[in-house]
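Chain and residue survey
Now for the letters of each chain:
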Amino acid sequence: MMEKMIFGRYVPADSLVHKMDPRSKLTIIFLFVCVIFLANNWQTYAIIGIYTFFMIGLSRIPARFLYGGLKPVLWLVIFTFLLQIFFTREGTVLFHLGPLKIYEEGMKMGFYISFRFFFLILMTSLLTLTTTPIEITDGLETLLGPLKKVRFPVHEMALMMSISLRFIPTLMQETDKIMKAQIARGVEFASGPVKERIKAIIPLLIPLFVSSFKRAEELAIAMEARGYRGGEGRTKYRQLSWKMVDTLQLVFLAIITVLLILFRS
Amino acid sequence: MDISLSHVDYRYQANTPFERLAIQDVSIDIPSGTYLAIIGHTGSGKSTVLQHLNALLVPSEGTVAIGDKEIKAHQKNKDLRKVRQRVGIVFQFPEHQLFEETVEKDIIFGPMNFGVTEADAKKRARVALKQVGLAEEILEKSPFDLSGGQMRRVAIAGVLAMEPDVIVLDEPTAGLDPRGRKEIMDMFYQLHQERQLSTILVTHSMEDAARYADQIVIMQHGKVAKKGTPEEIFSSPGELVQMGLDVPEVVRFQLKLEEKWGMNFEQIYLSIEQLSSAFANKLKRGVRL
Ligand SMILES: Nc1ncnc2c1ncn2[C@@H]1O[C@H](COP(=O)(O)OP(=O)(O)OP(=O)(O)O)[C@@H](O)[C@H]1O
Ligand SMILES: [Mg+2]
């Protein structure tokens, strides 16, 4: 039931994107989120689109899997699109849809915003699909390292993040298991009146909460038993290494940025 | 109610990079009233097979027939609730499914979902609680205040209270103490005897499989490696060891006897009583040690 979920999942593969240093991947994602706002006409959106799909190609994540996993999000994208075209009232009227007037500007905004949303989702999913939670955390901790000087709890943040990422699949499995147990006891999650379906959530949520709290406690005890004392003076087993690919990828994104600036209107 | 699986394949996470063929070409017949044990190494697909028995999983290939309901691959299967009402399933670590405020409410949850009235369900709860060997005082307690073993029993009572025709057990006694283990297993066996309840048991205990089952299926790497009566299954210990399994202690003992003293019993005995009387007979007839 929860099998198709792809958020927070790592898909092992032997690809250029997998080999990249998490620091460069995180930097690229951060820059991408900024750069995407440069796009404001179809040429620039096309450039962003080509870049996104090029990166997906490089990552060797099967397109069918990505599509299956992002299907629920696609509805959100379509919803955004509809919101835009119905509620923007600028430019010339393109056509009438019953009592509604569809404006040129609304159409444009609808396309642009939903595409921007879509590309952002693709790129960020790509990050978690090709990078293990540990790598993401290590990368983030190093990148945010300077903030330690102003007493920002970088290590704790990174730890919290890696724990949450690590437990997403576990939680999914658990959800699946408890759902099955309750379905066997006559609960209907997928059909029936809405009111019944909302009530059906309770036999699922309570056991999930109970087991999550139990797991958190066990984890805390296990960490203490192994002498965890926070980030002070902690060394790392895995060393991050910046490679040629990483530099090239950053240069590539720089070129894309220049192209965007040239083509934007 | 007869259940049969014919040529069933199941793929977890089909169409993703994590796709995994968990069971392959599994055919098993379970006529009404059978006590079937499924044994096999960890990861061999036992739990996956079980979940087909009440349509929690729909086969990727093949057909599952539960009573007169056929569940086929590649089609929409509706009305599965009726099936689920008649096939009760006790999962591995069933205590994780408890959620209500009181034990009583949790036990009547299943029956009431299937349309039993509250008064009736409460009666059933009392009966079920007795069957699993718990005292009635517990009914008003919160299930989360119980010990692990008690929680397990409450969860089992919740399934029994649905009064199914078929009961499916996925290692129901894993993690219980030896006495609790025997109590629970004996209780299921008694139900099976009294009500002709079809029982399907997944177990890692060869002793339980030998003691209770009429039929045994061995799973290996997602396929049915062997089927037969306990006598047939346990008469070739070499094969079992190869599959990462073992024979019951009695059988091991008999083999040791044969090896050490060159005795030859005509058959495999699955209980210590049978073995000792056969042994005594031999001694009477004057076999020299
Ligand atoms: N939700 C799932 N997603 C992907 N693969 C799964 C899932 N559940 C089980 N599997 C795989 O299917 C195979 C069979 O699993 P199954 O749970 O049926 O084994 P089992 O015989 O019950 O093992 P055990 O004795 O440990 O309970 C295993 O290799 C397992 O990794
Ligand atoms: Mg199992």
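Bear in mind the structure is a predicted one, so any value in this text is a computation, not a measurement. (Residues numbered from 1 in each chain as written. Chains lettered and ligands numbered in written order. Predicted model: local features only at pLDDT ≥ 70, side-chain atom pairs only at ≥ 80, totals over all residues. Heavy atoms only, no water.)

What follows covers unusual backbone geometry. All names here are of chain B. Even without being a glycine, Ala-55 presents a positive backbone phi close to 65 degrees. For Gln-196, which is not glycine, the phi torsion reads 55 degrees and is therefore positive. Along the chain, the position of Gln-196 falls in the loop between helix H6 (178-195) and strand S8 (198-202). (Helix = DSSP H or I, 4+ residues; strand = E, 2+ residues; numbered from the N terminus.)

To continue, consider the sheet that holds strand S9 (residues 215-220) of chain B. All names here are of chain B. Strand order in the open sheet formed by six strands is S6-S7-S8-S3-S9-S10, and the pairing between neighbours is mixed. Edge strands, defined here as strands with exactly one partner in the open sheet, are strand S6 (87-90) and strand S10 (223-228). Geometrically, the sheet is characterised by an average inter-axis angle of 15 degrees between neighbouring strands, direction not taken into account. (Pairing = 2+ DSSP bridges. Axes fitted to C-alpha atoms, helices over the stretch in contact; angles between N-to-C directions.)

Take the nonpolar core next. Residue and element names in this part refer to chain B. Counting 52 residues, the largest nonpolar core has Leu-160, Ile-216 and Phe-234 as its most contacted members. Among the elements that take part in this core, helix H5 (residues 148-160) stands out by supplying seven residues, more than any other. When residues are assigned to domains, this core turns out to be shared by domain 1 (3-230) and domain 2 (248-289), each giving three or more. Residues contacting Ile-216, with those up to four places away along its chain left out, are Leu-36, Ala-37, Ile-39, Ala-209, Lys-226, Lys-227, Gly-228, Pro-230, Ile-233 and Phe-234. Counting 43 residues, the second-largest nonpolar core is a separate cluster that includes Ile-3, Ile-23, Ile-89 and Phe-99. (Core = buried A, V, L, I, M, F, W, Y, C linked by side-chain atoms within 4.5 Å. Buried < 20%, exposed > 50% of the residue type's maximum accessible area, 1.4 Å probe, protein only. Domains from an automatic or database assignment. Contact = heavy atoms within 4.5 Å.)

Attention now goes to the packing of helix H10 (residues 249-261) of chain B against helix H11 (residues 272-284) of chain B. Residue and element names in this part refer to chain B. Packing of H10 against H11 leaves a shortest axis separation of 10 Å and a crossing angle of 20 degrees. Considering their axes alone, H10 and H11 lie roughly parallel with respect to each other. In this structure, the crossing between H10 and H11 has a hand that is right-handed. On H11, the residues touching Val-250, Phe-253, Gln-254 and Leu-257 of H10 are Ile-272, Leu-275 and Phe-279. A class-by-class count of the residues in the contact of H10 with H11 yields six nonpolar, one polar and no charged. (Parallel < 35°, antiparallel > 145°, perpendicular 65-115°, else oblique. Left-handed = near helix turned anticlockwise from the far one by under 90°. Nonpolar A, V, L, I, M, F, W, Y, C, P; charged D, E, K, R; others polar.)

A few words now on the interface of chain B and chain A. Facing 29 residues of chain B, the contacting portion of chain A comprises 24 residues. Surface buried jointly by chain B and chain A totals about 2,400 Å² across both partners, of which 62% is contributed by carbon and sulfur atoms. The largest share of the area that chain B buries against chain A comes from Phe-18, His-96 and Phe-99 of chain B, three residues that together contribute 23% of it. Counting across the chain B and chain A interface gives two salt bridges. (Buried area = accessible area lost by both parts, 1.4 Å probe. Salt bridge = Lys/Arg side-chain N within 4 Å of Asp/Glu carboxyl O.)

Attention shifts here to the sheet that holds strand S1 (residues 3-12) of chain B. Residue and element names in this part refer to chain B. Ordered in space as S2-S1-S4-S5, the four strands form an open sheet in which the pairing is antiparallel. Each of the sheet's edge strands pairs with one partner strand only, and the pair in question is strand S2 (20-30) and strand S5 (69-72). Each strand of the sheet is rotated relative to its neighbour by a mean of 20 degrees, with strand direction disregarded.

Moving on, we get to the confidence of the model for chain B. All names here are of chain B. Looking at chain B, the pLDDT average stands at 90 and 99% of residues meet or exceed 70. Within chain B, the element-level pLDDT minimum falls on helix H9 (residues 237-242), averaging 84, and the maximum on S8, averaging 96. Among the prediction metrics, the complex's ipTM stands at 0.88, with pTM recorded as 0.81. (pLDDT = per-residue confidence, 0-100.)

The final tally for this structure, using the stated rule, is 26 salt bridges over all chains. When the shortest N-O distance is used, the salt bridge between Lys-180 of chain A and Asp-176 of chain A registers 3.5 Å. Highlighted residues: Lys-180 of chain A and Asp-176 of chain A, both in helix H7 (residues 154-184), separated by four residues, approximately one helical turn. Taken as a pair, Lys-180 of chain A and Asp-176 of chain A share a single burial class, namely buried. Among the ionic pairs, Asp-79 of chain B bridges to Lys-82 of chain B, the shortest N-O distance being 3.3 Å. Taking the relative accessible area as the measure of exposure, Lys-82 of chain B reaches 55% and is therefore exposed.

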